[in-house]
Amino acid sequence: MKKLLSALAITTICSSLFFAPSSASAVPKMDVKVAVGVGSTTLVPRVPDIEIPNWNPPPDTVTVGSRTPATFANWGLFLSARVRAGKIFGEMAIGFSRFYFDVSEELVAIGKYQNPDSRIDELLGETARMNSLEIPLTAGYVPYANPYFKLFIYGGWVSQFNIRGFVDLNGNRKALKFKPKDVPGYPFAIYVAGFRLGTQFDLGPLNFDFNYTISMNSATKTDFRTNSHVFRFLLGWLF
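Residues numbered from 1 in each chain as written. Predicted model: local features only at pLDDT ≥ 70, side-chain atom pairs only at ≥ 80, totals over all residues. Heavy atoms only, no water.

**Some details on the overall build of the protein chain**
Across its full length, the protein chain holds three helices and 10 strands. Listed by position from the N terminus, the elements making up the protein chain come as α-α-β-β-β-β-α-β-β-β-β-β-β. When the 239 residues of the protein chain are sorted by exposure, 40% land in the buried category. At a minimum sequence separation of 6, the contacts of the protein chain that also span at least 24 residues come to 66%. A total accessible area of about 13,400 Å² is found for the protein chain, and carbon and sulfur atoms account for 67% of it. (Helix = DSSP H or I, 4+ residues; strand = E, 2+ residues; numbered from the N terminus. Buried < 20%, exposed > 50% of the residue type's maximum accessible area, 1.4 Å probe, protein only. Contact = heavy atoms within 4.5 Å. Areas by Shrake-Rupley, 256 points an atom, 1.4 Å probe, with all protein chains shown as cover.)

Listed below in structure tokens is the structure:
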């Protein structure tokens, strides 16, 4: 009987030690990350097929509409804090981003239709850029981790605040400054909410992040909706 009790006691102690979470995994760990990224921003205006007066005849009318995507380059610089506890983590970041766009013939036609008195046609063929502030709030799961490599899968909310834009004219990169709502006939929304999905992995102090963000509200303040799709790759350093 004493031998049986001793065996049960040893078994219980060993089982407790085996199944109990380690102190290292139970204590949350925070990483501070500085990252720079590049990617693409695709704007898809959902304009109905309509004929509008041509801003530069002939012909007398021009047809615009449907969903004609336009893809532009973007880049950003971000500072974030990531807290991991076991297999789950949360991350909050703040950063500056910029995307570029061309003043195309379709954009001019839409702008003139929205506001016949606009002078957007004077910018045809020029390159513009929009500066933004981004605040991503994300959380996710860690399917695999070891001391040298960690894999993360996440999703969350991104708040983007468009601040100010610039148009290049005759080699002058800041020839024309404008607020998002001041784009003639095609004003950008000041606030764009987005849903983000992504994956990232740590390789020592390096962090590699691939993510996709779709806008939840229109990217323009027009009577038609404009969807935005942002793909970005970030390279970060962990502290």
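**Here we look at the pairing of strand 6 (residues 149-169)**
In the sheet, strand 5 (residues 127-145) pairs with strand 6 via 16 bridges, with the strands oriented antiparallel. Looking across to strand 6, one finds that L137 is bridged to W157. What sits between the antiparallel neighbours strand 5 and strand 6 is a turn of three residues. Judged from the 13 bridges that link them, strand 6 and strand 8 (residues 191-203) form a sheet pairing that is antiparallel. Looking at strand 8, one finds that S159 is bridged to A193. (Pairing = 2+ DSSP bridges.)

**Notes on the pattern of salt bridges**
Applying the stated rule across the entire model yields six salt bridges. Note that R82 and D202 form a salt bridge whose closest N and O atoms lie 2.5 Å from each other. Pair noted here: R82 is in strand 3 (residues 70-85) and D202 is in strand 8, with a separation of 120 residues, a long-range link. Residues R196 and E134 are paired through a salt bridge, measuring 3.5 Å at the closest nitrogen-oxygen approach. A residue pair is termed long-range when its members are at least 10 positions apart, and R196 in strand 8 and E134 in strand 5 qualify at 62 residues. No difference in accessibility class separates R196 from E134, as the two residues are buried. Residues joined by salt bridges that share partners form a network here, namely K29, D31, R82 and D202. (Salt bridge = Lys/Arg side-chain N within 4 Å of Asp/Glu carboxyl O.)

**What about the packing of aromatic side chains?**
The final tally for this structure, using the stated rule, is 13 aromatic pairs. Judged by centre distance (6.5 Å) and plane angle (75°), the rings of F89 and Y154 are edge-to-face. One end of the pair, F89, is in strand 4 (residues 88-102); the other, Y154, is in strand 6, and 65 residues separate them in sequence. The same class applies to F89 and to Y154, which are both buried. Pairing F210 with F233 gives two aromatic rings, centres 4.9 Å apart and planes at 35°, and the pair type is tilted. Of this pair, F210 sits in strand 9 (residues 206-215) while F233 is found in strand 10 (residues 226-238), placing the two residues 23 residues apart along the sequence. Overall, F210 belongs to the partly exposed group, its relative accessible area being 41%. Each residue in the set F72, F99, F101 and F188 is aromatic and connected to the rest through ring pairs, giving one cluster. (Phe/Tyr/Trp six-rings, centres within 6.5 Å; stacked < 30°, edge-to-face > 60°.)

**With respect to the confidence of the model for the protein chain**
Averaged over every residue, the pLDDT of the protein chain is 82; the share at 70 or more is 71%. Confidence drops under pLDDT 50 across residues 7-23; counting only partners more than four residues distant or on other chains, this segment forms zero contacts. (pLDDT = per-residue confidence, 0-100.)

**Quick word on a positive patch on the surface**
A grouping of R164, K177, K179 and K181 is seen on the molecular surface, where their side chains present a positively charged patch. Mapping K179 onto the fold places it in the loop between strand 7 (172-178) and strand 8. (Patch = residues over 30% accessible without salt bridge, like charges linked within 9 Å, V, L, I, M, F, W, Y side chains within 5 Å. Lys, Arg positive; Asp, Glu negative; His and termini not counted. Charge placed at Lys NZ, Arg CZ, Asp CG, Glu CD.)

**Some points on the environment of L169**
Along the polypeptide, L169 turns up in strand 6. Classification of L169 as partly exposed rests on a relative accessible area of 24%.

**Notes on the environment of L176**
Counting through the fold element by element, L176 comes out in strand 7. Residue classification places L176 among the partly exposed residues on the basis of a relative accessible area of 34%. Linking L176 and G165, residues 11 residues apart in sequence, is a C-alpha distance of 8.3 Å. Residues contacting L176, with those up to four places away along its chain left out, are L123, G165, F166 and V167.

**Thoughts on the side chain of T41**
In this structure, T41 sits in strand 1 (residues 29-53). By relative accessible area, which is 5% here, T41 ends up buried. A polar contact is formed between the side chain of T41 and the side chain of N74, at a distance of 2.9 Å. Apart from residues no more than four positions distant in its own chain, T41 is found in contact with A70, T71, F72, N74, F99, H229 and V230. (Polar contact = N/O pair within 3.5 Å; in protein donor to acceptor, adjacent residues only side chain to side chain.)

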